[in-house]
Amino acid sequence: MEILGNLFYGLGIALSPQNLLMALFGVVLGVAIGAMPGLGSVNGVAILLPITFAVPPTSAIIFLAAIYYGAMYGGAISSITLNIPGASTAVATTFDGYPLARRGKAADALVTAAVASFIGGTFSIVLFTFFAPPLAEFALRFGPPEEFAVVLLAYATFAGLGGESPLKTLIATMLGLLMSTVGTDIVSGSPRLIFGGITGFYHGINFLVLAIGIYGVGEIFYTLEEGFKTKERYQAKLGVQEIISTLKNLRQCTATIMRGSLLGFFVGMLPAAGATPASFMSYSIAKRFAKNPQEFGKGALEGVAAPECANNAASTGSMLPMLTLGIPGSPTTAVMLGALFVWGLVPGPRLFVENAEFVWGLTGSLYIANTMAVIVAIFAVPIFIWMLRMPMTILAPIILVVCAVGGFSPTQDMFDVYLMFIFGAVGYIFRKLDYPLAPMVLALVLGGLTERTFRQSMIMSHGSPGIFFDFAGHPIAAVLMMVSVVLFVLPLIPMIFRFRVSRAGTSA
């Protein structure tokens, strides 16, 4: 009852005219920022942080949290309509969102993304409200071995998404991991894989450069080959009937959304994990449990709902360790953590006691911002549907300009724009050769975290890999590693069985 009383107290604070206006302003800006490749929630929060110094801390954190939420919703927009993920959290949405848009079902995909995001966000906010302290203590048990085990589990759940050829999936994954090592060594600081001292490689290969290149630019190259003959595939319409029909179809995604929401919140609250592995894992698990897994990658609504509910749930989960432990759960919450110190607030268990107005005002605002975000996202759908009705002769140059801006924004280096077009050619060739692109992107996104947690674990254990299977010292890591091993082995069993059957048939 005390928690409910605090929640109503927080809702009262959040519903004040000033805070309500800040939440609405933040959500609208967040949706726009999330839809623009190259910005994303991290840059959006960082760029708009100075605005918060003119208002009280409670209004400021409500504004930043609303931007964060809006950006999670907005990330799906460019992924679905243009095949350009605005941030790493929206990569998995492209797998089925863009094929739906190509089939004239962009409205279905956008509404599905908005509703799934709303459900995932609401589910995680409820968990945040009622279980913040114990969940934060549990997350604190995750050190480098546990984090590496979670990342490996992400790879394991994603292993079956590369199509019919495990070899091609393995090659794409290895290429992604190789690209993640370009730059400087995380321990010694020495440059590596910079190809004779090319300065553009010193900062590494940015995820957006690869993702925008192979998805956005690669798609344009592929369309050029078709001679713009498929422009009618982008035709789509939206009305009340279409929205109602989509909501009815979403009933088949109920189990997927609930699984993804729970997974997203759990992964999001792990320090430094963030929403990206959560969205990939949710997508791959949804495919494994789907009645028709062969539809994934061709335009399945579950393939849109799974990553979207997970990344929104993860955004709330990442705030939990920030407020209760002072440990950011994502790059965006790291920026928000810095703002807390600027405002003179010290995160930790005492924050809930000494600054109850701040904490519960934020909690109440999350419910309001989540509701605002789904309304803004759905009402914005006609704008993007109108954009998709443009002929490809007009749309293609616009996409290329957006890609160039998205490739330049993260590092402000023209070298990345040139690299992006090279990756566009690679994406085109991979598509022609039927190589999966998703494993390569996943490996690049998670490569840095994989290397860091592995090397930290090796330093802790003096070089012994047994630390990952130490049930006495690191039981969580050991259990996750065993699950990963099982998931890696499972796809091999049918292959071995088919090989033995064919061999027996040959010998007979």
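To keep things clear, this report deals only with the structure shown in the data block. (Residues numbered from 1 in each chain as written. Predicted model: local features only at pLDDT ≥ 70, side-chain atom pairs only at ≥ 80, totals over all residues. Heavy atoms only, no water.)

## Some details on helix α11 (residues 254-268)
Argument step 1. Relative to the 21 Å expected for 15 residues at 1.5 Å per residue, α11 spans 21 Å between its end C-alpha atoms, a close match to the ideal helical length.
Argument step 2. Taken residue by residue, α11 has Thr256, Ile257, Gly260, Ser261, Leu263, Gly264, Phe265, Val267 and Gly268 as its buried positions. (Helix = DSSP H or I, 4+ residues; strand = E, 2+ residues; numbered from the N terminus. Expected span 1.5 Å × (residues − 1). Buried < 20%, exposed > 50% of the residue type's maximum accessible area, 1.4 Å probe, protein only.)

## What about a nonpolar patch on the surface?
Argument step 1. Judged by side-chain polarity, Phe469, Phe471, Val479, Met482, Val483, Val485, Val486, Phe488, Val489, Leu490 and Ile493 come together as a nonpolar surface patch covering roughly 920 Å² of accessible area.
Argument step 2. Of all the elements, helix α21 (residues 475-489) adds the most residues to the nonpolar patch, at 7 residues.
Argument step 3. For Val489, the location among the structural elements is in helix α21.
Argument step 4. Take Val489: its relative accessible area is 40%, and that puts it in the partly exposed class. (Patch = residues over 30% accessible without salt bridge, like charges linked within 9 Å, V, L, I, M, F, W, Y side chains within 5 Å. Areas by Shrake-Rupley, 256 points an atom, 1.4 Å probe, with all protein chains shown as cover. Salt bridge = Lys/Arg side-chain N within 4 Å of Asp/Glu carboxyl O.)

## Describing the pattern of salt bridges
Argument step 1. One pass over the full model with this rule turns up 5 salt bridges.
Argument step 2. A salt bridge links Arg192 to Asp185, with the shortest nitrogen-to-oxygen separation between them at 3.2 Å.
Argument step 3. With relative accessibility at 14%, the residue Asp185 sits in the buried group.
Argument step 4. One continuous salt-bridge network, built from bridges that share partners, spans Asp185, Arg192, Glu451 and Arg455.

## As for the side chain of Ser457
Argument step 1. Of note, Ser457 is situated in helix α20 (residues 438-460).
Argument step 2. In this view, Ser457 contacts Pro144, Pro145, Ile467 and Phe468; residues no more than four positions away in its chain are not counted. (Contact = heavy atoms within 4.5 Å.)

## A look at the packing of aromatic side chains
Argument step 1. Under the definition given, this model contains 10 aromatic pairs.
Argument step 2. Pairing Phe95 with Tyr283 gives two aromatic rings, centres 5.2 Å apart and planes at 75°, and the pair type is edge-to-face. Within this pair, whereas Phe95 is found in helix α5 (residues 91-102), its partner Tyr283 is found in helix α12 (residues 275-289), the two being separated by 188 residues in sequence. Taken individually, Phe95 and Tyr283 each receive the classification buried, so the pair is uniform in this respect.
Argument step 3. Measuring from ring centre to ring centre gives 4.8 Å for Phe148 and Phe468, while their planes differ by 35°; the resulting arrangement is tilted. Placement of Phe148 in helix α7 (residues 144-158) and of Phe468 in the loop between α20 and α21 is noted, with a sequence separation of 320 residues between them.
Argument step 4. Owing to a relative accessible area of 10%, Phe148 belongs among the buried residues under this scheme.
Argument step 5. Taken together, Phe95, Phe280, Tyr283 and Phe296 form an aromatic cluster joined through their ring pairs.
Argument step 6. Over the ring of Tyr435 we find Lys168, and its NZ or CZ is 5.2 Å from the ring centre. (Phe/Tyr/Trp six-rings, centres within 6.5 Å; stacked < 30°, edge-to-face > 60°. Lys NZ or Arg CZ within 6 Å of the ring centre and 35° of its normal.)

## Here's the deal with the nonpolar core
Across soluble globular proteins, you tend to see nonpolar side chains buried next to one another.
Argument step 1. Counting 76 residues, the largest nonpolar core has Leu64, Met336, Leu340, Trp343 and Phe358 as its most contacted members.
Argument step 2. Apart from residues lying up to four places away in sequence, Leu340 is in contact with Ile61, Met322, Leu323, Leu345, Pro347 and Phe358.
Argument step 3. By size, the runner-up hydrophobic cluster in this structure holds 72 residues, among which are Ala92, Phe95, Ala156 and Ala278. (Core = buried A, V, L, I, M, F, W, Y, C linked by side-chain atoms within 4.5 Å.)

## Things to note about the side chain of Ser59
Argument step 1. Tracing the sequence through the fold places Ser59 in helix α4 (residues 57-82).
Argument step 2. Its relative accessible area of 3% is what places Ser59 among the buried residues.
Argument step 3. A polar contact of 3.2 Å, which involves the side chain of Ser59, links it to the side chain of Gln18.
Argument step 4. Not counting the four nearest positions on each side in its chain, Ser59 is found in contact with Gln18, Asn19 and Met22. (Polar contact = N/O pair within 3.5 Å; in protein donor to acceptor, adjacent residues only side chain to side chain.)

## Examining helix α1 (residues 2-14)
Argument step 1. Spanning 13 residues, α1 covers 18 Å between terminal C-alpha atoms, matching the ideal 18 Å at 1.5 Å per step.
Argument step 2. Turning to α1, its buried residues are Leu7, Gly10, Ile13 and Ala14. Axial view of α1: buried residues confined to an arc of 115°, hence all on one face. (Arc of directions from axis to C-beta.)

## As for the packing of α4 against helix α15 (residues 331-342)
Argument step 1. Viewed as axis vectors pointing N to C, α4 and α15 meet at an angle of 175°, and their least axial separation amounts to 11 Å. Relative to α15, the element α4 is oriented roughly antiparallel. Side by side, α4 and α15 meet where Ile61, Leu64, Ala65 and Tyr68 of the first sit next to Thr332, Thr333, Met336, Ala339 and Leu340 of the second.
Argument step 2. A per-class count over the contact of α4 with α15 returns 7 nonpolar, 2 polar and no charged. (Axes fitted to C-alpha atoms, helices over the stretch in contact; angles between N-to-C directions. Parallel < 35°, antiparallel > 145°, perpendicular 65-115°, else oblique. Nonpolar A, V, L, I, M, F, W, Y, C, P; charged D, E, K, R; others polar.)

Remember, this is a structural readout, not a statement about activity or role.
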